[in-house]
Amino acid sequence: MTDTTSNQMWGGRFAAGPDAIMEAINASIGFDKRMAAQDIAGSRAHAAMLAATGIVSDSDGEAMREGLLTVLSEIEGGSFEFSTALEDIHMNVEARLKEIIGDAAGRLHTGRSRNDQVATDFRLWVRDQLDATEGALLALIGALLVQAEAGAEWVMPGFTHLQTAQPVTWGHHMMAYVEMFGRDLSRVRDARARMNECPLGAAALAGTSFPIDREMTARELGFDRPSANSLDAVSDRDFALEFLSTASICAMHLSRMAEELVIWSSAQFRFVALSDRFSTGSSIMPQKKNPDAAELIRAKIGRIFGANVALMTVMKGLPLAYSKDMQEDKEQVFDAADNLMLALAAMEGMVRDMSANRDNLEAAAGSGFSTATDLADWLVRVLGMPFRDAHHVTGSLVALAEGKGCDLPELSLEDMQSVHGDITQAVYDVLGVHNSVASRMSYGGTAPELVRAQVARWKEMLG
Ligand code: ARG
């Protein structure tokens, strides 16, 4: 006699139901219910194909497709009761379908397995997420372009080793981030193009003896083609890993930018003011305005990296084809996706709202002997000195200015000539920060004219 507590989907050979601990470790419904819409879309495509190929009757196919829509509306309306005993979203949906349409529901699983089903659902979910990430990246890039255009000619210090190096333009600095997030955008698009193959119909691992039409289900679900190898189809999670690694690189970019915003908004720098909408106060220090959103972006990146490492680790020891280990893929991806979207949206908001303090940027741009390279270049260009000698002479001038407690443009011509007699008044032209940035006209340089051209190029590319 069959124990009625054994699983109604696979419990035929079981005499008893699972231990409570077994149920707890086995069930994924607590998280994979997020794939309900994808599961139902996959099942509806499968049902249509089963009817079109004559594997089930048209009336059964229609009943399944209609019934699945009812299940979807129950889930979306919040009236659906999820059961842990039914393990996952796939069996929860199918069991409810049976209650709604009766025995025809039992034919839905013909020529398929939960292995190709979950691979299909998860792929659809990740594909939606890649599309959402693309949208969020475009919005962030749009906000950066607005900043870059407004401040194409504002000067600020450029840093190496976080020490003042040479003057750059605010627009150029914003456009550096556009390049970074632009590469993220192209990685998202690459990943989407590569992952868009349909595993449905690979069945458990070997394919099926039913005359299914995999082209039809692939087309119906918006995939470019069915995946070519059934073993690979059910055991591949590269699409999730590519999402996580793409997300990790993007998160690293977000974190670097967040770090700059934390530094720039400090009282010591005062390069930018973040808006009230994206700052918080302190409960004890009334004067404080803290860049919490930037700090949290910087911190959230850890869990995205973590998800990438976690799933790589889950996958690395698995023999072909499906193993239950792979059920651990979803929570990592869901968490990384949620936090990436939040971080992208918060960064976009901060960038849109922030105001650069043009005067402070300009004052800082000229400090720290930032035009020393311009001076050395002048010695090369005008006096014909070898660069190495010019470097040395400029170093002596910097030391002289440092000794006098002034910046390079404040040295008198007499002082200059005490280091090298051929220096003329014309040298002062290159010591100003505006002249310095305007002279950086080599392709990819910081000159305002080039920054404007890059803004225009990106606008055109993004349409
Ligand atoms: N919940 C499972 C998962 O997420 C579905 C696939 C189960 N397949 C199986 N052969 N037990 O991976």
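See the structure above.
Residues numbered from 1 in each chain as written. Predicted model: local features only at pLDDT ≥ 70, side-chain atom pairs only at ≥ 80, totals over all residues. Heavy atoms only, no water.

(A) View of the overall build of the protein. Assigned secondary structure in the protein consists of 19 helices and six strands. Seen along its three principal axes, the alpha-carbon backbone of the protein occupies a region of about 105 × 50 × 40 Å. Across the 463 residues in the protein, those meeting the buried criterion constitute 49%. Taking all contacts inside the protein whose residues are at least 6 apart in sequence as the whole, residues at least 24 apart take part in 74%. Accessible area for the protein stands at about 21,600 Å²; split by element, carbon and sulfur atoms hold 52% of it. (Helix = DSSP H or I, 4+ residues; strand = E, 2+ residues; numbered from the N terminus. Buried < 20%, exposed > 50% of the residue type's maximum accessible area, 1.4 Å probe, protein only. Contact = heavy atoms within 4.5 Å. Areas by Shrake-Rupley, 256 points an atom, 1.4 Å probe, with all protein chains shown as cover.)

(B) Representation of unusual backbone geometry in the model. Residue A321 follows L320 across a cis peptide bond; omega there is 5°. Position of A321 relative to the elements: it lies in the loop between α11 (292–316) and α12 (329–353). Even without a glycine there, the phi angle at E87 is positive, about 65°. Its location among the elements puts E87 in the loop between α4 (58–77) and α5 (89–101). On the basis of relative accessible area, E87 is assigned to the buried category, the value being 4%. We note that L162 has phi near 55°; this positive angle belongs to a residue other than glycine.

(C) Spotlight on the site of the ligand. The ligand sits among S28, D32, D88, H90, R114, N115, V118, Y322, Q327 and K330. Between the ligand and the protein, one listed contact pairs a nitrogen atom with a side-chain N or O atom of R114 at 3.5 Å. When the ligand sits alone it has 350 Å² of accessible area, and the protein chains cover 86% of it. Broken down by element, the residue count for the shell around the ligand peaks at three residues, all from helix α6 (residues 114–150). (Near = heavy atom within 4 Å. Polar contact = N/O pair within 3.5 Å; in protein donor to acceptor, adjacent residues only side chain to side chain.)

(D) Local environment of the packing of helix α10 (residues 238–264) against α11. Two elements in contact, α10 and α11, have axes whose closest approach is 8 Å; the angle formed by their N-to-C orientations is 160°. As summarised for this structure, α10 and α11 are arranged roughly antiparallel, according to the angle between their axes. Handedness of the crossing formed by α10 with α11: left-handed. When grouped by side-chain class, the residues that make up the contact of α10 with α11 number 19 nonpolar, four polar and three charged. (Axes fitted to C-alpha atoms, helices over the stretch in contact; angles between N-to-C directions. Parallel < 35°, antiparallel > 145°, perpendicular 65-115°, else oblique. Left-handed = near helix turned anticlockwise from the far one by under 90°. Nonpolar A, V, L, I, M, F, W, Y, C, P; charged D, E, K, R; others polar.)

(E) Molecular detail of the packing of aromatic side chains. Summed over all chains, the structure comprises ten aromatic pairs. With 6.3 Å between their ring centres and 25° between their planes, Y177 and F181 make a pair best called stacked. Of this pair, Y177 and F181 both sit in helix α7 (residues 170–195), separated by four residues, roughly a single helical turn. By relative accessible area, which is 5% here, Y177 ends up buried. Overall, the relative accessible area of 0% leaves F181 in the buried class. Measuring from centroid to centroid gives 5.0 Å for F269 and F271, while their planes differ by 75°, and the two rings are edge-to-face. What makes F269 partly exposed here is its relative accessible area of 26%. (Phe/Tyr/Trp six-rings, centres within 6.5 Å; stacked < 30°, edge-to-face > 60°.)

(F) Highlighting the side chain of N290. Mapped onto the elements, N290 comes out in the loop between β5 (272–273) and α11. Those residues in contact with N290, other than ones at most four positions away along the chain, are S279, T280, G281, S282 and E295.

(G) Main features of the nonpolar core. If you look at the biggest cluster of nonpolar residues, it comprises 98 residues, and the most contacted ones within it are W170, L254 and M347. Among the elements that take part in this core, α10 stands out by supplying 14 residues, more than any other. The next biggest cluster of nonpolar side chains, apart from the first, holds 21 residues, and it includes F369, A372, A390 and Y428. (Core = buried A, V, L, I, M, F, W, Y, C linked by side-chain atoms within 4.5 Å.)

(H) Summary view of the environment of G368. Locating G368 in the fold gives a position in the loop between α13 (358–366) and α14 (372–383). Taking C-alpha positions, G368 is 5.9 Å from T164, a pair spaced 204 residues apart along the chain.

(I) How the structure looks around the packing of α6 against α12. Contact geometry for α6 and α12: axes closest at 9 Å, N-to-C directions at 15°. Taken together, the axes of α6 and α12 lie roughly parallel to each other. The interaxial crossing formed by α6 with α12 has left-handed handedness. Here the contact of α6 with α12 is composed, by residue class, of 19 nonpolar, four polar and four charged.

(J) A look at the pairing of strand β2 (residues 163–169). Pairing geometry for strand β1 (residues 155–160) and β2, over six bridges, is antiparallel. Paired with M156 across the two strands is V168, which belongs to β2. Adjacent in sequence and paired antiparallel, β1 and β2 are bridged by two residues, among which H161 carries a positive phi angle near 55°. (Pairing = 2+ DSSP bridges.)

(K) Region of interest: the side chain of T133. Along the chain, the position of T133 falls in helix α6. Classification of T133 by relative accessible area gives buried; the value is 4%. In this view, T133 contacts V188, F243, L340, M341 and L344; residues no more than four positions away in its chain are not counted.

(L) Structural context of the pattern of salt bridges. One pass over the full model with this rule turns up 26 salt bridges. One salt bridge in this structure joins E87 and R114, with 3.1 Å as the shortest N-O distance. Of this pair, E87 sits in the loop between α4 and α5 while R114 sits in helix α6, and the two are 27 residues apart along the sequence. Across the pair D329 and R237 runs a salt bridge, and its minimum N-O distance is 2.7 Å. Highlighted residues: D329 in helix α12 and R237 in the loop between α9 (230–235) and α10, separated in sequence by 92 residues. R237 shares its class with D329; the two are buried. Several salt bridges converge on common partners, so that one network encompasses E87, D88, R114 and K324. (Salt bridge = Lys/Arg side-chain N within 4 Å of Asp/Glu carboxyl O.)

Interpretation in functional terms is not warranted from these geometric data alone.
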